[in-house]
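Remarks on the overall topology
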Amino acid sequence: MSGYKSDASILIIYTGGTIGMIENPITGALEAFNFQHLEEHVPELKKLGYAVSAIQFNPPMDSSDMGPDSWEKIVRVIADNYHVYDGFVVLHGTDTMAFTASALSFMLENLSKPVILTGSQLPIGMLRTDGKENLITAIEIAAAQENGLPLVPEVCIFFENDLMRGNRTSKSSADNFNAFRSYNYPTLAHAGITIKYDLSQIYRPLSRKPLKPHYLLDRNVAILKIFPGISPQVVESILNTPNLKGVVMETFGSGNAPSFDWLMDLLRDAVNRGIVIMNVTQCIAGGVEMHRYETGRKLLDVGVVSGYDSTTECAVAKMMFLFGQGMSQKEVKEHLNCSLIGEITIS
Ligand code: ASP
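Everything numeric in this text was worked out from a predicted model, so none of it was measured.

So, on to the packing of aromatic side chains. As enumerated under the stated definition, the model contains five aromatic pairs in all. Judged by centre distance (6.0 Å) and plane angle (15°), the rings of F260 and W262 are stacked. Since its relative accessible area comes to 44%, F260 is described here as partly exposed. Relative accessible area serves as the criterion here: at 26%, W262 is assigned to the partly exposed category. Between the NZ or CZ atom of K73 and the centre of the ring of F57, over which it lies, the distance is 4.2 Å.

The eight strands are arranged β5-β2-β6-β8-β11-β12-β15-β16 in an open sheet whose pairing can be described as mixed. Looking along the sheet, the strands with just one partner apiece sit at the ends: β5 (51–56) and β16 (195–197). Looking at each pair of strands side by side, their axes are set apart by 25° on average, direction ignored. Pairing of strand β6 (residues 87–91) with strand β8 (residues 115–118) involves four bridges; the strand directions are parallel. Residue pairing in the sheet places L91 in a bridge with T118 of β8. Contacts from helix α3 (residues 68–80) reach β2 (9–14), β5, β6 and β8 within the one sheet, and its direction differs from that of β2 by about 160°.

Turning our eyes to something else, we now look at the nonpolar core. Core analysis: the largest hydrophobic core is formed by 50 residues, its most contacted members being L108, V115 and L117. With nine residues, helix α9 (residues 312–324) is the single largest residue contributor to this core. The residues touching V115, leaving out its near neighbours within four places in the chain, are I78, F88, V90, L104, L108, E154, V155 and C156. Counting 38 residues, the second largest nonpolar core, distinct from the first, contains I22, Y50, I124 and V152.

Another aspect to go through is helix α5 (residues 131–143). Two residues of an α-helix separated by three or four positions point the same way, owing to the 3.6 residues in each turn. For α5, with 13 residues, the first-to-last C-alpha span of 18 Å sits near the 18 Å given by 1.5 Å per residue. All of the buried residues along α5 are G131, N134, L135, I136, T137, A138, I139, I141, A142 and A143.

As a volume, the largest pocket reaches approximately 450 Å³. Around the largest pocket, the lining comprises 22 residues; the ones closest to its centre are E109, N110, Y203, L340 and I341. Counting residues per element, the ones that place at least two in the lining of the largest pocket are α4 (97–107) and β7 (108–109). When grouped by side-chain class, the residues that make up the lining of the largest pocket number twelve nonpolar, six polar and four charged.

Time to look at the site of the ligand. In the vicinity of the ligand, the residues found are G17, T18, D62, S63, G93, T94, D95 and S120. S63 has a polar side-chain atom sitting 2.6 Å from an oxygen atom of the ligand. Taking D95, its side chain carries an N or O atom lying 2.8 Å from a nitrogen atom of the ligand. Taken together, the residues of the shell around the ligand sort by class into no nonpolar, six polar and two charged.

What counts, and where the lines are drawn
Residues numbered from 1 in each chain as written. Predicted model: local features only at pLDDT ≥ 70, side-chain atom pairs only at ≥ 80, totals over all residues. Heavy atoms only, no water. Phe/Tyr/Trp six-rings, centres within 6.5 Å; stacked < 30°, edge-to-face > 60°. Buried < 20%, exposed > 50% of the residue type's maximum accessible area, 1.4 Å probe, protein only. Lys NZ or Arg CZ within 6 Å of the ring centre and 35° of its normal. Pairing = 2+ DSSP bridges. Helix = DSSP H or I, 4+ residues; strand = E, 2+ residues; numbered from the N terminus. Axes fitted to C-alpha atoms, helices over the stretch in contact; angles between N-to-C directions. Contact = heavy atoms within 4.5 Å. Core = buried A, V, L, I, M, F, W, Y, C linked by side-chain atoms within 4.5 Å. Expected span 1.5 Å × (residues − 1). 1 Å grid on protein atoms, 1.4 Å probe; cavity = no way out; pocket = protein on both sides within 12 Å on 5 of 7 lines; lining within 4 Å. Points joined across faces, edges and corners; volume = space filled by probe spheres on them. Nonpolar A, V, L, I, M, F, W, Y, C, P; charged D, E, K, R; others polar. Near = heavy atom within 4 Å. Polar contact = N/O pair within 3.5 Å; in protein donor to acceptor, adjacent residues only side chain to side chain.

Pasting the structure below:
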């Protein structure tokens, strides 16, 4: 039987971002409200009938300022409260939400409860806000159960109408209400008059193991975006970054880069120095197939590894996570070749 656990307990973790803002009645300026008084601002929550508690970052952060330290903080809050709540809703600025969702999907190993990230394009205190609907639906999804088990035991982003696997999403619009897309994986649920779940697409843990939170991430990674006319100096400066361990290289189409000897020499040299170079496409949809064109094959020959259909956001988070585990170049490459938590499609 699928449905909502009427006495579900949900923890909201407000990290910052537009969603938690209201207009100061005196100055008119937007400021973060106190989530301890959440029900004053969103009285609709009472109608849900769940036990909703909230914790907030102090001070709330614009998500552009967030990174591994904040991801660690979120993981700690979830791990510390894991047995007390049925589900978690993380309120987050939209700008880097896809990075955070990707990182959390790796850091929360054996997750068996919903962790739903959401935010909004307009502050919750504004008349036309999308924040209330996003928040209320995210809570409903976090409370949804089937046969006494959570319906969506994974890290997701809910935005506008769609529930998406967190590590498959990208922010696709700076101003539309439907700001996120999952181009390479179907949506997990669509919220219209009712919320329709696509159960066949939702990740389910194979065995019930206790949550294993991970806190260590390695920041020694970089993004190298290839463009026509890119100079040896630009590539060199990135690949010679002190302590660099991993590079997410954004290439053209199905994983192609200019075939210049200087570029291949620089990439080969970096691989030989132990740096892992992962190839992801600049296209918004589709993935890398380095065998398809000569320009891609050359990358394979110098030791670049495929990122399959990974988003850049997920590729960065996965590299930080794998190196954070203290893995060697060989081990990281092996793990990039596997889908750890549904983040890539390997056919
Ligand atoms: N700059 C804000 C942030 O990402 C935008 C938002 O909340 O949507 O925190």
